[in-house]
Each structure stands twice: as structure tokens, then as C-alpha cells.
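Listed here are the chains, written in short residue letters.
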Amino acid sequence: MGTIHMTYDDIRVSADGPILTLTIDRPEAGNKFRHQTCLELFDALGRFRLDPSLRAAVLTGSGDKFFCIGGEHDPVTSLDPSQVLPIIDVYQAIDTVPKPVIAAVNGFAVGGGQVLHTVCDLTIAAENAVFRQVGPMVGSFDAGYGTWYLEDAIGRKRAKEMWYLNRKYTAAQALEMGLVNEVVPAEELLGRATEVAREIADRSPLAIGALKGAFSARHNGVSGQARMAHDQQLSLYLRTNEAHEVGAAFGERRPPKTESFWS
């Protein structure tokens, strides 16, 4: 499993060939993410990024009732930024890792859990999955990934409907809305999500990474563009004769031989 060998408290990780499975393992709490969960997911996603043997990931929840029903916030007692629930780091890690992350929604995806699957590249849902935003009902909101990316997925009016009216949507309704890619029987969910992950893993990793960077760049401004330029274009450029010759010329204190750039 390469670099993914850590033992965590709130999540489980396993690998089968090039596919990593990340499972939020707090079923007694509806698979809510707390501070520890976010740190562990962020760490695992970072290791996933750096492991060349892993080509795609599946994200799911433990049990058969909850994918994730949001965040477990401690009472706010200070404005110390280190105490903020670091879920945005997780969303950003999913969005910017140059490998696909597929959500396998095995039950309720509510609040931050609904955002969590939305930022994944694809979503496969079990027939018993339920999707809901509850922010205005519980004194919370997501004015970033949970709104912009939701609007991209289902359109402006539907996204506002989800946030303002806080209705429950079945897996079938979510599929019709464009919120998920596919709906399967619950017992087939993880197998189907893994099958889709393997299908993508057979594609060109550089092409998939470039495409993912392009989708990310649309909303991430300089960060997204920088990732495309650095992770894709620069890595290719550094393999060219031009880059080698310019670097050698600098080290040898001579003008570069431009005729060798394209040879």
C-alpha cells in the first residue's frame, strides 16, 4: 500500500491494487467529522497524492445508514483559527489532488457530508441514500465549496432550493437533478464505486490530472491555475531538451545552445 500505512482513529484506509478506500468510521455519530477526523482525512489524502502506486480513491462511510451527516462542532469559545474545524482543508485536498476521488454514498449525506460528496469527482449512490442541506435550520451555512460546487452540479435555482428549503432528496431525485452520477442497490455500492475507480485508473494519469486541474482552476483562481501550471505543464517542461540545456548553460556560465531546444 505504499505510503498509506497509517493507523487512524476516526477513519479506515485500505488499498486494493491502485485503488485506495477511505472510510469515515464513526457510525455511532452518523459518521460526523470532528477535528480529528479532518486531520486524518487530510493526512491520508496527502499520502494518497504522493503514492505512485495509487491511481484513484473511493470515499465512503461506515455502516449502511450514514455516509456523513456533517461536522461535530465544539462550542466556539475563541476566535483562535487553530480551533476552527479544518474541513475546508479536506475539501480542498479532494478538489486539488491530481487523482480522482469517488464518493460512495451509503446512506444519509447531510450538511457538511453533502458538501463532502459534492466536492468529490464523481458520486455513486446507494438506493437508500438521502441528500439534504440543513444549515439555516441549525444555525450554520457553507458559503464556499458547498454553494459554488453545488450550483455547478445542479444549477442555481436547485442549489438555492436545497439551501433555503432544507428538503430531503432521495437517490433517484438526486440522480435526476445531476447531484449524483449513478444509483445502485446498497449491496452493490462499494463494488460499483471501486469498479468505476478502476476504470479511471486505466486512463492516462497525466491527462486525468490535467483535466482535474482545469476543473479546479475555474473556482480556485490563482491556486487552481498554479496547480495546473506546476503539476502538469512544469513537470512536462522539465523533461524537455530546452529545460535541460538552459539549466546546463546557467551552471556552466555560457549562453544556451538554442538550436538544441527542439532536437
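Residues numbered from 1 in each chain as written. Predicted model: local features only at pLDDT ≥ 70, side-chain atom pairs only at ≥ 80, totals over all residues. Heavy atoms only, no water.

Turning our attention to the nonpolar core. Within the largest apolar cluster, 48 residues are counted, with the highest numbers of intra-cluster contacts made by Leu59, Ile94, Leu116 and Phe131. Sequence-distant contacts of Leu59, defined by excluding residues within four places in its chain, comprise Leu22, Leu41, Phe67, Ile94, Val101, Ile102, Ala103, Ala104, Leu116 and Cys120. Counting residues in each nonpolar core, the second largest holds 14 residues, with Val58, Leu189, Ile200 and Ala201 among its members. (Core = buried A, V, L, I, M, F, W, Y, C linked by side-chain atoms within 4.5 Å. Buried < 20%, exposed > 50% of the residue type's maximum accessible area, 1.4 Å probe, protein only. Contact = heavy atoms within 4.5 Å.)

A few words on the pairing of strand E5 (residues 101-105). Among the 5 residues that make up E5, 5 are buried, leaving the element largely enclosed by the rest of the structure. Taking every second residue as pointing to the same face, both faces of E5 are buried, with Val101, Ala103 and Val105 on one and Ile102 and Ala104 on the other. Strand direction decides the pairing type here: strand E3 (residues 56-61) and E5, joined by 4 bridges, are parallel. Bridging across to E5, Ala57 finds its partner in Val101. The sheet contact formed by E5 and strand E7 (residues 122-126) spans 4 bridges and is parallel. Bridge pairing links Val105 to Ala125 in E7. (Helix = DSSP H or I, 4+ residues; strand = E, 2+ residues; numbered from the N terminus. Pairing = 2+ DSSP bridges.)

Next up on the list: the sheet that holds E7. The 6 strands are arranged E1-E2-E3-E5-E7-E10 in an open sheet whose pairing can be described as mixed. The sheet terminates laterally at strand E1 (11-16) and strand E10 (182-184), the two strands that pair on one side only. If you compare each strand with its neighbour and ignore which way they point, the axes differ by 20° on average. The strands touched by helix H8 (residues 189-201) within the sheet are E1, strand E2 (19-24), E3, E5, E7 and E10, with E7 carrying the most contacts at an inclination of about 160°. (Axes fitted to C-alpha atoms, helices over the stretch in contact; angles between N-to-C directions.)

A few words on the pattern of salt bridges. Taken as a whole and assessed by the stated rule, the structure comprises 15 salt bridges. In this structure, Arg12 and Asp25 form a salt bridge, with 3.4 Å as the shortest nitrogen-oxygen distance. Of the two residues, Arg12 is situated in strand E1 and Asp25 in the loop between E2 and helix H1 (35-50); the sequence distance between them amounts to 13 residues. Residue Arg12 is classed as partly exposed on the basis of its relative accessible area, which comes to 41%. Given the relative accessible area of 26%, Asp25 is considered partly exposed. Ionic pairing is found between Arg198 and Asp16, a salt bridge with its closest N-O pair at 2.9 Å. Placement of the pair is Arg198 in helix H8 and Asp16 in strand E1, with a sequence separation of 182 residues. (Salt bridge = Lys/Arg side-chain N within 4 Å of Asp/Glu carboxyl O.)

Turning our eyes to something else, we now look at the sheet that holds strand E8 (residues 130-132). If you trace the 4 strands from one edge of the open sheet to the other, you get E4-E6-E8-E9, paired in mixed fashion. One side of each edge strand has no neighbouring strand; the edge strands of this open sheet are strand E4 (66-68) and strand E9 (168-170). Each strand axis lies, on average, 20° off the axis of its neighbour in the sheet, ignoring direction. Alignment of E4 against strand E6 (residues 108-110), held across 2 bridges, turns out to be parallel. Bridge pairing in E6 links Phe66 to Phe108. Helix H3 (residues 112-119) rests against E4, E6 and E8 of the sheet, and its axis sits at about 100° to E6.

Bringing the side chain of Lys99 into the picture now. Locating Lys99 in the fold gives a position in the loop between helix H2 (87-96) and E5. Although Lys99 is buried, it makes no salt bridge; Asp51 carries the closest opposite charge, 6.0 Å away. Sequence-distant contacts of Lys99, defined by excluding residues within four places in its chain, comprise Phe48, Arg49, Asp51, Leu54, Arg55, Asp121 and Lys212. (Lys, Arg positive; Asp, Glu negative; His and termini not counted.)

Attention now goes to unusual backbone geometry. Positive phi, close to 55°, is recorded for Asn31, a residue that is not glycine. One can find Asn31 in the loop between E2 and H1. Take Asn31: its relative accessible area is 0%, and that puts it in the buried class. Within the chain, Asn166 stands out as a residue other than glycine whose phi angle is a positive 55°. By the element assignment, Asn166 lies in the loop between helix H6 (156-165) and E9. Asn166 sits in the buried class, given a relative accessible area of 6%.

Turning to the environment of Arg47, a few remarks are in order. Its location among the elements puts Arg47 in helix H1. Of the polar contacts made by the side chain of Arg47, one reaches the side chain of Asp43; its length is 2.7 Å. (Polar contact = N/O pair within 3.5 Å; in protein donor to acceptor, adjacent residues only side chain to side chain.)

Any functional reading would require information beyond the geometric quantities listed.
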